[in-house]
Amino acid sequence: MAEITRSLVECEPDLTAELTQKALTDGTEPLVIINRGLVPGMDIVGQRFQTGEYFLPQMVIAANAMTQAMEFLEPELRARQEVSESAGTVVIGTVKGDIHEIGKSLVGTMLAAHGFRVHDVGIDVSAAMFVEKVKETRADLLGLSALLTTTMTAQREVVRALEEAGIRDQVKIIVGGAPVTQEWAETIGADGYAEDVVGAIEVSKRLTA
Ligand code: B1M
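This one's a predicted model, so the numbers in the text were calculated from it and none came from an experiment.

### Things to note about the nonpolar core
Grouped together as the largest cluster of nonpolar side chains are 33 residues, with contacts concentrated most on I33, I34, L38, M70, L73, L106 and I174. For this core, the elements supplying multiple residues, two or more each, are α1 (2–9), α2 (13–25), α3 (30–50), α4 (56–79), β1 (88–95), α5 (102–113) and α9 (197–208). Among the elements that make up this core, the one with the highest residue count is α4 (seven residues). Leave out the neighbours within four places in its chain, and I33 touches M1, I4, T20, A23, L24, T28, L38 and L73.

### Considerations on the packing of α3 against α4
Between two packed helices, the angle of one axis relative to the other and the distance separating the axes together describe the packing. As a packed pair, α3 and α4 sit with axes 10 Å apart at the nearest point and diverge in direction by 170°. Taken together, the axis directions place α3 and α4 in an arrangement best described as roughly antiparallel. Every residue of α4 that contacts α3 at P30, L31, I33, I34, L38, V39, M42, V45 and F49 is listed here: L56, Q58, M59, A62, A63, M66, A69, M70, L73, E76 and L77. For the contact of α3 with α4, the per-class residue count stands at 18 nonpolar, one polar and one charged.

### As for the pattern of salt bridges
One pass over the structure, following the stated rule, counts nine salt bridges. For R48, the salt bridge goes to E53, with nearest N and O atoms at 3.8 Å. Residue class for R48 comes out partly exposed when judged on its relative accessible area of 24%. Overall, the relative accessible area of 48% leaves E53 in the partly exposed class. Between D124 and K96 there is a salt bridge, with the nearest N and O atoms lying 3.7 Å from each other. Of the two residues, D124 sits in strand β2 (residues 116–125) while K96 sits in the loop between β1 and α5, which places them 28 residues apart along the sequence.

### Some points on the packing of α1 against α3
Relative orientation of the contacting elements α1 and α3 amounts to 30°, with a least axis distance of 8 Å. By the angle class used here, α1 and α3 are roughly parallel. Taken as a pair, α1 and α3 cross one another with a handedness that is right-handed. Contacts from I4, T5, L8 and V9 in α1 reach I33, R36, G37, L38, P40, G41, M42, I44, V45 and R48 in α3. Counted by class, the contact of α1 with α3 contains nine nonpolar, three polar and two charged residues.

### Comments concerning the coordination of the cobalt atom of the ligand
Geometry sets the ideal angles at a metal, namely 109.5 degrees for four tetrahedral donors and 90 or 180 degrees for six octahedral donors. No protein donor other than H100 (NE2) coordinates the cobalt atom of the ligand, and that contact is at 2.2 Å. Mapped onto the elements of the fold, H100 is located in the loop between β1 and α5.

### Quick word on the site of the ligand
Near the ligand there are 36 residues, and of these D43, I99, H100, E101 and S145 occur at the shortest range. Here D98 contributes a side-chain N or O atom positioned 3.5 Å from an oxygen atom of the ligand. H100 places a side-chain nitrogen or oxygen 2.8 Å from a nitrogen atom of the ligand. When residues of the shell around the ligand are traced back to their parent elements, those giving at least two are α3, α4, α5, β3 (141–145), β4 (172–176) and α9. Counting residues per element, the shell around the ligand draws most heavily on α3, which supplies six residues. Broken down by class, the residue content of the shell around the ligand amounts to 21 nonpolar, 10 polar and five charged.

Cut-off values and rules
- Residues numbered from 1 in each chain as written.
- Predicted model: local features only at pLDDT ≥ 70, side-chain atom pairs only at ≥ 80, totals over all residues.
- Heavy atoms only, no water.
- Core = buried A, V, L, I, M, F, W, Y, C linked by side-chain atoms within 4.5 Å.
- Buried < 20%, exposed > 50% of the residue type's maximum accessible area, 1.4 Å probe, protein only.
- Helix = DSSP H or I, 4+ residues; strand = E, 2+ residues; numbered from the N terminus.
- Contact = heavy atoms within 4.5 Å.
- Axes fitted to C-alpha atoms, helices over the stretch in contact; angles between N-to-C directions.
- Parallel < 35°, antiparallel > 145°, perpendicular 65-115°, else oblique.
- Nonpolar A, V, L, I, M, F, W, Y, C, P; charged D, E, K, R; others polar.
- Salt bridge = Lys/Arg side-chain N within 4 Å of Asp/Glu carboxyl O.
- Left-handed = near helix turned anticlockwise from the far one by under 90°.
- Donors = N, O, S within 2.8 Å, 3.2 Å for Na, K, Ca; no water.
- Near = heavy atom within 4 Å.
- Polar contact = N/O pair within 3.5 Å; in protein donor to acceptor, adjacent residues only side chain to side chain.

Right, dumping it as C-alpha cells:
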C-alpha cells in the first residue's frame, strides 16, 4: 500500500492507476486500497499544501489520480455487496461553495453497495436544490458533505431550508467531511455524523432502520 501512497504524493497518476489495478488483481480488498493506500496519500498532499510545499496543481493532480483509481475500485466495491431489498433512498451531495467530490462520491458508492437507492446531486449544491431533491425522491436520508471550515455553515443552511419547507421531520440528515464533528452535527440539528465511509454506512443504516 505504501507504493500507492507514494505514487499519489509524487503526483504520478499513471503509476497510481497501475498499482491500484495490480493490488486488485493480487486480491487486496478495494476498501483496504482506499483506506491504507489512497487516503493517506491525499492526507499527505493536503498537509504539504497547508505548509506551502505543494500548490493547487499538485492537489488537482492527486485528486485526478484518486478519481482515476476509483474508476477501477467502484465496480469492485459494488460487486462485493449482494443486497436484494432496498435499505432506503438517499440524496447525497457536497454543499454550496464546496467542490470537493471524492469523499462524497465514495460514501455514495458504498451506500449504494449496501442497498440504498442513491441520488448523488454532485458538488456546490444549494440548500434549495437539496430541498427540491428530497421532495422529488421522497428521500429517507440526506447526506451533506463539507470539506472546508468555510462551507460547514452551509450544512446548517440546508437544515434550516428543510425546516422552512416543512419537511425537516420527513428526512434524517447525516453530515460528514474533514472539518465536521459530532458536536457540529448536534449544534446544527443533524441526526447523525460520520468520520469516514465505514461510519457513514453504520450511521445511515441506524437512522433508516
Ligand atoms: Co482542497 N482543501 N481545497 N482541494 N483538499 C482540503 C480539504 C484541505 C484540508 C487541504 C489542507 O489545506 N490541508 C483544505 C481545507 C482547510 C479547511 O478549510 N479546513 C483545502 C483547501 C484550503 C482548498 C481550497 C480553498 C484551496 C485553494 O483554492 N486555495 C480549494 C477550495 C475549493 C472549493 O471547494 N471551493 C480546494 C480545492 C481542492 C481541489 C479542487 C484541488 C481538490 C478536490 C478535487 C475533487 O474533489 N475532485 C482538493 C483536494 C484533493 C483536497 C485534499 C488534499 C484531499 C481531499 C480528498 O479528496 N480526500 C484535502 C486534504 C485532506 O482532506 N487531507 C483538501 C480523500 C477523500 C476520500 O477523503 O474527502 O475527507 P474526504 O472524505 C472522507 C471523510 O471526510 C468522510 O468520508 C470520506 C471517506 O472516508 N466524508 C463523509 C466525506 N464526506 C462525507 C459525508 C458523510 C459522511 C462522511 O455523510 C454525508
